[in-house]
Protein chains: 2
Amino acid sequence: MSLRVAVYGLGPIGQLIAREVLKKKDLNLVAAFDVDQKKIGKDLAELLMLNDKTGVHVSSPSELGMMLKSNGVKVVLHSTLTYLDHVYPQIVKCIKAGANVISTSETLSNPYYRYPELAELIHEMAKKYCVTVIGTGVNPGFIFDTLPALLTAVCTEVHSIHVTRSLDAAKRRESFQRKYGLGLGLDKFKAKMEIGELTAHVGYGESISLLADTLHVKLDKIVEGQEPLIAGSSTKTQYVTISIGTVSGIHGYGIGFLDGKEFIKIDLFAEVDREEFEEVVVDGNPPLKWRSTGTAGDIATAAMAINLIPKLSKVGPGLLRMCDIPLPSTFLNLGVNQV
Amino acid sequence: MSLRVAVYGLGPIGQLIAREVLKKKDLNLVAAFDVDQKKIGKDLAELLMLNDKTGVHVSSPSELGMMLKSNGVKVVLHSTLTYLDHVYPQIVKCIKAGANVISTSETLSNPYYRYPELAELIHEMAKKYCVTVIGTGVNPGFIFDTLPALLTAVCTEVHSIHVTRSLDAAKRRESFQRKYGLGLGLDKFKAKMEIGELTAHVGYGESISLLADTLHVKLDKIVEGQEPLIAGSSTKTQYVTISIGTVSGIHGYGIGFLDGKEFIKIDLFAEVDREEFEEVVVDGNPPLKWRSTGTAGDIATAAMAINLIPKLSKVGPGLLRMCDIPLPSTFLNLGVNQV
């Protein structure tokens, strides 16, 4: 059993996805797409720095519909942009070519939060073409929503949920360090944040609304924000020098209020030299506390996308979310059927 | 919106389930069943030591079919015995009365492991009567199977999974301490274990096979066992005195082999004065380690059963397992619909 897959978007995450799909014996990577003229036409091996040619050349998205159909692609692993209004036309093209779409676009993890009308359009179109569309990733998609939701399954009552993700920004790729504004003076940081040049993390509201929906809670409101953390000593990463008083990282957060009180709180600390961990604390019956030694973000996001492939075969068509599908997990072998 | 529910089995777990169902404003507890003549006829309030009468009297299981139908029961929360061959006739009666069944019977969590023929019979009958049957609990059902499965969703590769659950047996109820043989001399312990008078934990094989199926892995074999832990100093619990050299707890384990190597290993340490925690370690890409401060077992099992109620409304009929249903979680309000 081998499933025909395409990768759409060959940035850092898309490249990781492609690399991992090539390793999976049950997945057959037959097409790859990117807008970058420097990438188009190249064998994927060149882009991924693999020794052996893959036979898959990067195509322009203008060829997407034709390529997906002629190659019988069943699943597009999509990793281009963050905001659904930008990726919407891309998703539509995949749907019309009859392919299921698993995307790492952050706002697609719960598109009803920020783009309810586009979400409805995608849902209707996916049903019409009998395909599934879903957004996932490590975050949104796992740490701040899917995982805490599952952890509460052992609770008869939940009064509040607090999730913290703390990571060492120095260990992340260059584009991550740039989009978090490491090393910038405070004024420059604020100006760039203002015009959207620094995105940092997007998805606090998506995670909170997704978690609330999973738990059947109607929140009063959701608040989200991000503020710079300032270096108390000078340091440097592989890519950036950080002087005292400049930005050493970001603290981002989201809060979901229920009956006027904080019901869901998520905190992200991404800073140079910070301890790596995640922690989920549930004030409930019973009370719970789970803590990790950290989760490598990029590979985790690639994994979340790839690992959904066998889960989608068990659900109906439409726009789905992580709370709508059977238990996510890794898979070792598509061909080993469950009972 | 209020859903009509019955509780079948009023041992320690069944009583907890009944107590929690009575607290849920969306669940309407309309019937309760137990074989114990001392319980039959009593108002549940008396059994649960509640101040206010519930109006629900304990009935004999001989009245089950009639009572479920006349009360329009949609879900039976079933908590009687461990082994499926014992509970099979009970499940059948519920199915024939048109009720969905959520059971804490350990071997029903993955009945294909120990009772494949009974599993098939239940599956066919559940489909015929258009109801869902599922087994769950904290363990099997969560710590050793559902949770580690979800944690691997961020991994592109998994080489091995090791789950440890460590609990302080002194903090558990009397029947738990008795079934683990606390305070017994070693010979007596072995003799009682031999004749099945001490059950300790049942479900290592169920958890491992369920986790393997979720990950699409065909294991070579599964081994399971339990051995006594011996007290090095004398101590006592609320119910049992433990002298030096007698049984202070149990170490139980299960191992699932893949290609001749340990792929899944689960360890349970239930001993007096032991630290309470769970830990999941995944050797994979990325590697993972998650650790808790412990999960109170009885309330967690009651929660797992109750919390599946809204999840079952989204799946087709038949015998299901934790890997077949949408993301388990607590729920605050049945009436708040998801998108």
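Residues numbered from 1 in each chain as written. Chains lettered and ligands numbered in written order. Predicted model: local features only at pLDDT ≥ 70, side-chain atom pairs only at ≥ 80, totals over all residues. Heavy atoms only, no water.

**Let's talk about the relation of the copies chain A and chain B**
It takes a turn of 180° to lay chain A on chain B, together with a shift of 0.0 Å along the axis; the resulting RMSD is 0.0 Å. Such a combination of rotation and displacement between the chain copies is what one expects of a two-fold axis. Within chain A, A:Pro326 has its C-alpha nearest the rotation axis, a separation of 2.3 Å. A high fraction, 100%, of the interface residues of chain A reappear at the interface in chain B, so the copies pair face to face through one surface. (Least-squares fit on C-alpha atoms with pLDDT ≥ 70 in both. Contact = heavy atoms within 4.5 Å.)

**Examining the pairing of strand E12 (residues 261-271) of chain A**
All names here are of chain A. Here E12 lies mainly inside the structure; eight of its 11 residues are buried. Looking at chain direction, strand E7 (residues 157-168) and E12 are connected through eight bridges and run parallel. The partner of Val163 across the bridge, within E12, is Ile266. Of the pairings in the sheet, the one linking strand E11 (residues 247-258) to E12 comprises 10 bridges and is antiparallel in character. If you follow Phe257 over to E12, its bridge partner there is Glu262. Hairpin connection between E11 and E12: a loop of two residues separates the two successive antiparallel strands, and Asp259 in this loop has a positive phi of roughly 50°. (Buried < 20%, exposed > 50% of the residue type's maximum accessible area, 1.4 Å probe, protein only. Helix = DSSP H or I, 4+ residues; strand = E, 2+ residues; numbered from the N terminus. Pairing = 2+ DSSP bridges.)

**Examining the interface of chain A and chain B**
Between chain A and chain B, the contact holds 67 residues from the first and 67 residues from the second. For the pair chain A and chain B, the two sides together bury roughly 5400 Å², of which 66% comes from carbon and sulfur. When the buried surface of chain A facing chain B is broken down by residue, A:His216, A:Trp290 and A:Leu327 rank first, second and third, together holding 15% of it. Inspection of the chain A/chain B interface yields two salt bridges. For the salt bridge of B:Lys23 with A:Glu157, the shortest nitrogen-to-oxygen distance reads 3.7 Å. The interface formed by chain A and chain B includes 19 residue pairs in polar contact (both at pLDDT 80 or more). When residues of the side of chain A that touches chain B are traced back to their parent elements, those giving at least two are helix H1 (12-23), helix H7 (146-151), E7, helix H10 (204-214), strand E13 (277-285), strand E14 (288-292), helix H11 (297-307) and helix H12 (309-312) of chain A. (Buried area = accessible area lost by both parts, 1.4 Å probe. Salt bridge = Lys/Arg side-chain N within 4 Å of Asp/Glu carboxyl O. Polar contact = N/O pair within 3.5 Å; in protein donor to acceptor, adjacent residues only side chain to side chain.)

**Regarding the sheet that holds strand E2 (residues 27-33) of chain B**
All names here are of chain B. Pairing is parallel across the open sheet formed by seven strands, whose spatial order is E3-E2-E1-E4-E5-E6-E15. The sheet is open, and its two borders are formed by strand E3 (58-59) and strand E15 (318-320), each paired with just one other strand. Here helix H4 (residues 84-96) sits on the sheet and contacts strand E1 (3-8), strand E4 (75-78), strand E5 (100-103) and strand E6 (132-135); the angle it forms with E4, its principal contact strand, is near 165°. Packing against the sheet, helix H6 (residues 116-128) makes contact with E6 and E15, and its axis sits at approximately 125° to E15. (Axes fitted to C-alpha atoms, helices over the stretch in contact; angles between N-to-C directions.)

**Topic: the environment of A:Gln238**
Among the secondary structure elements, A:Gln238 is positioned in the loop between strand E9 (235-236) and strand E10 (241-242). Taking C-alpha positions, A:Gln238 is 9.0 Å from A:Arg173, a pair spaced 65 residues apart along the chain.

**Some thoughts on the packing of H4(B) against H6(B)**
Residue and element names in this part refer to chain B. Contact geometry of H4 with H6 gives a least axis separation of 11 Å together with a crossing angle of 5°. It follows that H4 is roughly parallel to H6 by the angle criterion. Note on element contacts: H6 touches H4 through Leu118, Leu121, Ile122, Met125 and Ala126, opposite Leu84, Asp85, Tyr88, Ile91, Val92, Ile95 and Lys96. Considering only residue class, the contact of H4 with H6 consists of 10 nonpolar, no polar and two charged. (Parallel < 35°, antiparallel > 145°, perpendicular 65-115°, else oblique. Nonpolar A, V, L, I, M, F, W, Y, C, P; charged D, E, K, R; others polar.)

**A short note on the sheet that holds strand E7 (residues 157-168) of chain B**
The sheet built from 12 strands is open, its strands ordered E8(A)-E11(A)-E12(A)-E7(A)-E13(A)-E14(A)-E14(B)-E13(B)-E7(B)-E12(B)-E11(B)-E8(B) with mixed pairing. The sheet terminates laterally at strand E8 (221-230) of chain A together with strand E8 (221-230) of chain B, the two strands that pair on one side only. Each strand of the sheet is rotated relative to its neighbour by a mean of 10°, with strand direction disregarded. Strands in contact with helix H9 (residues 186-194) of chain A are E8 and E11 of chain A; relative to E8(A), the strand with the most contacts, it is inclined by about 150°.

**Thoughts on the environment of A:Asp220**
All names here are of chain A. The topology assignment puts Asp220 in the loop between H10 and E8. By relative accessible area, Asp220 is classed as partly exposed at 45%. On a C-alpha basis, the gap between Asp220 and Leu198 in space is 29 Å, while along the polypeptide they are 22 residues apart. Polar side-chain contacts of Asp220 include one of 2.6 Å to the backbone nitrogen of Gly260.

**A word on helix H10 (residues 204-214) of chain B**
Because the α-helix completes a turn every 3.6 residues, residues three or four places apart line up on one side. Residues and elements named next belong to chain B. Counted residue by residue, H10 has 11 buried out of 11 residues, so it is predominantly covered. Within the span of H10, buried status applies to Tyr204, Gly205, Glu206, Ser207, Ile208, Ser209, Leu210, Leu211, Ala212, Asp213 and Thr214. Where H10 terminates, the next one or two residues include His216, which has phi positive at roughly 60°.

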